[in-house]
Structure formats: structure tokens, C-alpha cells
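Residue-level listing of the chains:
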Amino acid sequence: MDFLRPASWEEALAAKAEHPTAVPIAGGTDVMVEINFDHRRPDYLMDLNRIGDLSEWEAGEDTVRLGASVPYTKIMENLRTELPGLALASHTVASPQIRNRGGVGGNLGTASPAGDAHPALLAAGAEVEVESVRGARRIPIDEFYTGVKRNALAPDELIRAVHIKKADGPQQFSKVGTRNAMVIAVCAFGLALHPETRTVRTGIGSAAPTPVRAKAAEEFLNAALEEGGFWDNGKIITPSVAKQFADLCSAACNPIDDVRGTASYRRHAVGVLARRTLTWTWESYRGTRRASEGAA
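Keep in mind it's a predicted model, so treat the numbers as computed, not measured.

This paragraph deals with the pairing of strand 7 (residues 135–140). In terms of strand pairing, strand 6 (residues 127–132) meets strand 7 through 6 bridges, oriented antiparallel. Counterpart to glutamate 131 in the pairing with strand 7 is alanine 136. In this antiparallel pair of consecutive strands, strand 6 and strand 7, the connection spans 2 residues.

So, in C-alpha cells, the structure goes:
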């Protein structure tokens, strides 16, 4: 196994073009586990830690551009207001040591259905900025996951950043694990309210071959909120609506039985998480709405 260490982004793209099978490594929290257990033995490892741009972020007027190697700790400390769902997900990642090393780019590159960042990125409607010597493009998050631990990257492409719209409403993330820390998700759920467009987006992790959205549940809830005038009147969502939303989220899953949990438990747990996160986000929306009305 040869080790490549480009000093710039341009050198990295050139190296990836010359060696398409080279595996990028930044935090190494996924790659090194696979190598240490002999699950993977790439011909080339490409160290990206000398490329400072990958560890930087920029908050624009409407969107945050998050470098692929920005550690989860930095997201928690600096982007809690702009990206609350992703910040919550970052809190659940492994241990402080791993949160100091790992980043969203690694989660996306590995594309494991259990990656903690995926539900939040799906709920927020992120775009993945990738590049090769042929040029750059942005891949909508809904099109990024193509199979179990597979993504839409071409062999010569590298992930440079993720573009995520700033939250315009409450967001939540919840995860079930066999213990409270240092655990791979049995299942996970992300939810984002988008009051500006009067829509809701979801993200489900570790309950299907890829991270997925519960699109039927979103469509149902969008219609129920609109028909009931909930966005305007700020009323509590009725239990029947919450239950139907949860049931549809469970139905969106396509899980497996494994050592962490059964398929039936994962479906059940996703429904519970969906109902809880909907309650939390809607109560937050109602509180913000009451506060703005009081200020007016």
C-alpha cells in the first residue's frame, strides 16, 4: 500500500486522476477501522490533511459551505444556530477523540447507512460539492447515495465541501443505540421544518440499504399542516396526524436483522423517533411563533 500526500487541492485532484483507486483519508475514523480489521486493503491511501481549505467553513447569507474535513466538534461549537440538525447529530458521533478528527466528508465518502450525518443532511436538503481534473459539480443529497456503502462519485472525483441551507425553522435528530456513547446507530431519524416553504423534510439512517427520506410521510404531513392551517394558527398537531406520520416513516424503512437489532424493532423505533422529533420541532416552532407575535 503506497501513501500519497498532496500539498494542495490541485495536487490531490491530479493524484486521484492518476490513481483512481486511491482512498482519501482525512480524519481516518472509518478508513482506518476497515484497514485494521483487514476489510479493505487499497493500493493507495491519499492523505488530505495538508489541504487547509477542507477544514474551513463559510456562512453566507442563505447557505453554509462546510469543508469536507471540518471536524464534528467545530460543527457543534460554531454552527449550532445555522445547522442545528447537523450539530445535534454531531453530538452523537462516537467519542470526543473521534469528533475531533472525523468530518462529514468521511461519512459521505463511506456512505454507510449508519453514518450519523446522513439523516440531518437529507432533512436539510444539502448538496455535495465534488471535483476532479475534469471540473466541479454539485450532487443533490437525494441523488448521492446509490447503494450499500456506495455513492455517486466518479472514480476520479473527491468531495470538497457540503452546501447546506441555513435553518429557517426548528430541526431535530434522534438516534437509537445499544448504549449512550461509542455506538453505531441501530436506527436514526432527522427532521427539519421549513416554514419559508411550508414543508417538512426527513432523513432516516441505519434502517435501509442507504440513508433515505420518508417521502410519503413528508407529503402527508405537508398536506395535513396546510389543510389544518397549522403554519398560521400554531395549534398543537393532533395525535392522529402524528401517528399517521410515524406510521408512514416506519413504512419507508427497509431494514435488516443484525447484531444491533431486528428489522421489526428498527421499523418500530423509527416510528417512535419520528413522532418524538415531530413533537419537539413543532413545539419549538410554536414557541418561536408566540414569541414573535408577542414582540409585535
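What follows deals with the sheet that holds strand 2 (residues 23–25). What the 3 strands build is an open sheet, ordered 1-3-2; its pairing is parallel. Two strands bound the open sheet, and with one partner strand each, they are strand 1 (2–4) and strand 2. Mean inter-strand twist for the sheet, computed between neighbouring axes without regard to direction, equals 30 degrees. Here strand 2 runs beside strand 3 (residues 44–47); their pairing, made up of 3 bridges, is parallel. Among the inter-strand pairings, proline 24 is bridged to a residue of strand 3, identified as methionine 46.

Next up on the list: the pairing of strand 13 (residues 199–205). Counting buried residues in strand 13 gives 6 out of 7 residues, a clear majority hidden from the surface. As paired elements, strand 12 (residues 187–194) and strand 13 share 7 bridges and run antiparallel to each other. For leucine 191, the partnering residue across the bridge sits in strand 13 and is threonine 202. Hairpin connection of strand 12 to strand 13: 4 residues between the antiparallel strands, including arginine 198 at a positive phi of 55 degrees.

What follows concerns the packing of aromatic side chains. This model, assessed by the stated rule, comprises 5 aromatic pairs. Ring geometry for tryptophan 231 and tyrosine 285: centres 5.2 Å apart, planes at 80 degrees, overall edge-to-face. Of this pair, tryptophan 231 sits in helix 9 (residues 230–233) while tyrosine 285 sits in helix 11 (residues 263–295), placing them 54 residues apart in sequence. Across this residue pair, the class does not change: tryptophan 231 and tyrosine 285 are buried. Through pairs of rings, three or more aromatic residues link up here, namely Phe230, Trp231, Trp282 and Tyr285.

Running from N to C, helix 10 (residues 239–251) and helix 11 point in directions that differ by 140 degrees, and their axes come no closer than 8 Å. With respect to their mutual orientation, helix 10 and helix 11 come out oblique. Between helix 10 and helix 11 lies a crossing of right-handed hand. Here Ala242, Phe245, Ala246, Cys249 and Ser250 of helix 10 come into contact with helix 11, specifically with Arg267, Val270, Gly271, Ala274, Arg275 and Leu278. A class-by-class count of the residues in the contact of helix 10 with helix 11 yields 7 nonpolar, 2 polar and 2 charged.

Reading across from one edge, 4-5-10-6-7 is the order of the 5 strands in this open sheet, with antiparallel pairing throughout. Of all strands in the sheet, those bounded by a partner on one side alone are strand 4 (57–59) and strand 7. Averaged over all pairs of adjacent strands, the angle between strand axes in this sheet comes to 20 degrees, irrespective of strand direction. Looking at chain direction, strand 4 and strand 5 (residues 63–67) are connected through 3 bridges and run antiparallel. Pairing of glutamate 58 across the sheet is with arginine 65, part of strand 5. Contacting strand 6 and strand 10 (158–165), helix 1 (residues 9–18) runs over the sheet at an angle of about 120 degrees to strand 10.

Attention now moves to the packing of helix 8 (residues 215–227) against helix 10. Here helix 8 crosses helix 10 at 160 degrees, and the two axes come no closer than 8 Å. The orientation of helix 8 relative to helix 10 falls into the category roughly antiparallel. The interaxial crossing formed by helix 8 with helix 10 has right-handed handedness. When helix 8 is examined against helix 10, the residues Ala216, Ala217, Glu218, Phe220, Leu221 and Ala224 are found in contact with a partner set consisting of Val241, Gln244, Phe245, Leu248 and Cys249. Along the lines of polarity and charge, the residues of the contact of helix 8 with helix 10 split into 9 nonpolar, 1 polar and 1 charged.

Parameters at a glance
- Residues numbered from 1 in each chain as written.
- Predicted model: local features only at pLDDT ≥ 70, side-chain atom pairs only at ≥ 80, totals over all residues.
- Heavy atoms only, no water.
- Pairing = 2+ DSSP bridges.
- Helix = DSSP H or I, 4+ residues; strand = E, 2+ residues; numbered from the N terminus.
- Axes fitted to C-alpha atoms, helices over the stretch in contact; angles between N-to-C directions.
- Buried < 20%, exposed > 50% of the residue type's maximum accessible area, 1.4 Å probe, protein only.
- Phe/Tyr/Trp six-rings, centres within 6.5 Å; stacked < 30°, edge-to-face > 60°.
- Parallel < 35°, antiparallel > 145°, perpendicular 65-115°, else oblique.
- Left-handed = near helix turned anticlockwise from the far one by under 90°.
- Contact = heavy atoms within 4.5 Å.
- Nonpolar A, V, L, I, M, F, W, Y, C, P; charged D, E, K, R; others polar.

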